[in-house]
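The chain contents come next:
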Amino acid sequence: MRPRGRKIAIISAVVFLLNLQTIVNEITLRNLMFLRERLIEDFSQESENLLFLTCLLMRTRRRQGRPTRRRAWAWPRPQNWFDALLASRQLDILWKPNFRMERETFEELSRIFRGDLMKQETRMRKPVSLEKRITVGLWRLSTDNSYRSCGLQFGLGKSTAKVICQEFEEALCRKKDLFIRFPYTADEVQAVMNDFEEEHHFPQIVGAVDGCLIEINAPPENKEDYFNRKQYYSINLHGIVNPQLHFQHIAVGFPGSIHDSRVLRLSGIFNLPENEEILPAHTRKVNRVQLRPMLVGDSAYPLENWLLKPFSNRSHLSHQKKRFNAKLSAMRSVVERAFGMLKGRWRALLKKLIEQDHTSVQRTVTAARVLHNFCLLHGDTFDDDENRSPPDDPDNDDDDDDDPIDGASTRQALLDFLVTQGFL
């Protein structure tokens, strides 16, 4: 290589190293000193080149030991549409299409979670407002946008939007017992039973139980357990619903390949009625059979004296039993409608969740259910047939256990009662 070409190559290498963050370390400094000595030895005539390299060394020494300065505290992202929406009452009609709840419901949500989400103002800058924090979380759940897209909608960075969404969901999960409650007292149980009987004519029914699937990314461990019969990875979303479509009990996170009846047994609620820790209302005598408060499920569940399911399709059914099954399915449809409303309102549950770890998935699903109940408790219903998720295919596998005598006599007593009352 010619001397002039070698000189140009050495200087170009020095400039490239300067642009790297690692140039401030001791090793790079010693390398530059070595290069400077080589240039003095080979190109002593080139004073201009020596001056250039000396300036580089001086700049490197000044940077050594100095922490890297942040280029900007926050990049400007002007997004004023939310501020205009918040300031104008004339734009209240836009709240529900964008945030899946009315303006009044949002204000009540802000009031309840003010202590959990409000941040203190410091000398550095003003914090993100409470209203914006809540709306970023609502936008994420209602649109299934990425954290980057959510941040751009509200003038925030990706990491800021992600932290805000996580804090919002965690606050909802901490207060879930305020909004998702199983009726434990006798008065509460009786009120729900009256609602079911008034609407569907079945006595002693407290809730409808079922499960649905939420698509997730393949977990790093035991991923085959999460691969369901529909050929995708999922978790099981299990719930008990009352006639107003409120979730009374939830169980989130069980692998999607697990049968619904097993999820019920693992959810912690199966043994409670067996031990009479729940469903404490007085029994009712129907056709000479004492009926206790009951849940209703599909054919996938076991038949118990507190859990009602349809007559098996594998046996020859009379016309009355077919009518009984149809009426029972109509009553049980409240849980399917609740799942449809949940996924239609909070569309993050419609598609594959972007959360990677199992804990984050459970947190997001639980937060959506809390918001579902919160809106309904405040009279804020939702009906979006265009975007509503169809109910999952029912699990047609009957429970393998033989129907116990208590459960069979309970179901037969209800059949006779409906026939006597003229409802079949």
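Residues numbered from 1 in each chain as written. Predicted model: local features only at pLDDT ≥ 70, side-chain atom pairs only at ≥ 80, totals over all residues. Heavy atoms only, no water.

This part is about the overall build of the chain. In terms of regular secondary structure, the chain is built from 17 helices and 7 strands. Counting over 424 residues, the chain shows a buried share of 46%. For the chain, restricting intrachain contacts to residue pairs at least 6 apart in sequence, the fraction spanning at least 24 positions comes to 69%. Carbon and sulfur atoms make up 49% of the accessible area of the chain, which amounts to about 22600 Å² in all. (Helix = DSSP H or I, 4+ residues; strand = E, 2+ residues; numbered from the N terminus. Buried < 20%, exposed > 50% of the residue type's maximum accessible area, 1.4 Å probe, protein only. Contact = heavy atoms within 4.5 Å. Areas by Shrake-Rupley, 256 points an atom, 1.4 Å probe, with all protein chains shown as cover.)

With their axes 10 Å apart at the nearest point, helix H15 (residues 319-345) and helix H16 (residues 358-377) run at an angle of 105° to one another. On the basis of the axis angle, H15 is roughly perpendicular to H16. Contacts between H15 and H16 pair Ala338, Phe339, Met341, Leu342 and Arg345 from the former with Ala368, Arg369, His372, Cys375 and Leu376 from the latter. Taken together, the residues of the contact of H15 with H16 break down into 7 nonpolar, 1 polar and 2 charged. (Axes fitted to C-alpha atoms, helices over the stretch in contact; angles between N-to-C directions. Parallel < 35°, antiparallel > 145°, perpendicular 65-115°, else oblique. Nonpolar A, V, L, I, M, F, W, Y, C, P; charged D, E, K, R; others polar.)

When helix H6 (residues 103-112) is considered as a whole, its buried residues turn out to be Arg103, Thr105, Phe106, Leu109 and Ser110. Each buried residue of H6 sits inside an arc of 160° when the element is viewed along its axis, so together they form one side. In this structure, the buried residues of H6 make contact with helix H4 (81-87), helix H5 (95-99), helix H7 (114-117), helix H8 (130-143), helix H10 (158-174) and H16. (Arc of directions from axis to C-beta.)

Scanning the model with the defined rule gives 19 salt bridges in all. The partner of Asp92 in a salt bridge is Arg103, and the shortest N-O contact between them spans 3.1 Å. You can see Asp92 sitting in the loop between H4 and H5 and its partner Arg103 sitting in helix H6, a full 11 residues away along the chain. What makes Asp92 buried here is its relative accessible area of 16%. For the salt bridge of Asp380 with Lys96, the shortest nitrogen-to-oxygen distance reads 2.7 Å. (Salt bridge = Lys/Arg side-chain N within 4 Å of Asp/Glu carboxyl O.)

So, about the sheet that holds strand S7 (residues 307-308). One open sheet accounts for 5 strands, arranged S3-S2-S1-S6-S7; its pairing is mixed. Either end of the sheet is taken by a strand with one partner, and the two such strands are strand S3 (247-255) and S7. Of the strands in this sheet, strand S1 (205-215), strand S2 (234-241) and S3 are in contact with helix H12 (residues 186-200), which crosses S1 at around 85°. In this fold H16 packs onto S1, S2 and S3, with an angle of close to 165° to the strand it touches most, S3. (Pairing = 2+ DSSP bridges.)

Let us look at the packing of aromatic side chains. For any pair of aromatic rings, the description rests on two quantities: the centre-to-centre distance and the angle between the ring planes. By the definition in use, this model includes 17 aromatic pairs. On the numbers, 5.9 Å between centres and 85° between planes, the contact of Trp139 with Phe154 is edge-to-face. Placement of the pair is Trp139 in helix H8 and Phe154 in the loop between helix H9 (147-153) and H10, with a sequence separation of 15 residues. Each member of the pair, Trp139 as well as Phe154, carries the same accessibility label: buried. (Phe/Tyr/Trp six-rings, centres within 6.5 Å; stacked < 30°, edge-to-face > 60°.)

With that settled, the discussion passes to the packing of H10 against H16. Where H10 meets H16, the axes come as close as 8 Å, and the angle between the chain directions of the two elements is 60°. Classed by the angle they form, the pair H10 and H16 counts as oblique. Like other packed secondary-structure pairs, H10 and H16 cross with a definite hand, here left-handed. Each of Gln166, Phe168, Glu169, Glu170, Leu172 and Cys173 in H10 lies in contact with H16, whose residues at this interface are Arg363, Thr364, Thr366, Ala367, Val370 and Leu371. Of the residues belonging to the contact of H10 with H16, the class tally is 6 nonpolar, 3 polar and 3 charged. (Left-handed = near helix turned anticlockwise from the far one by under 90°.)

Mapped onto the elements, Cys150 comes out in helix H9. Taking the relative accessible area as the measure of exposure, Cys150 reaches 0% and is therefore buried. Spatially, the C-alpha atoms of Cys150 and Trp139 are 7.0 Å apart, while their sequence positions differ by 11 residues. Leaving out residues up to four positions away in the same chain, Cys150 has contacts with Trp139, Arg140 and Asn145.

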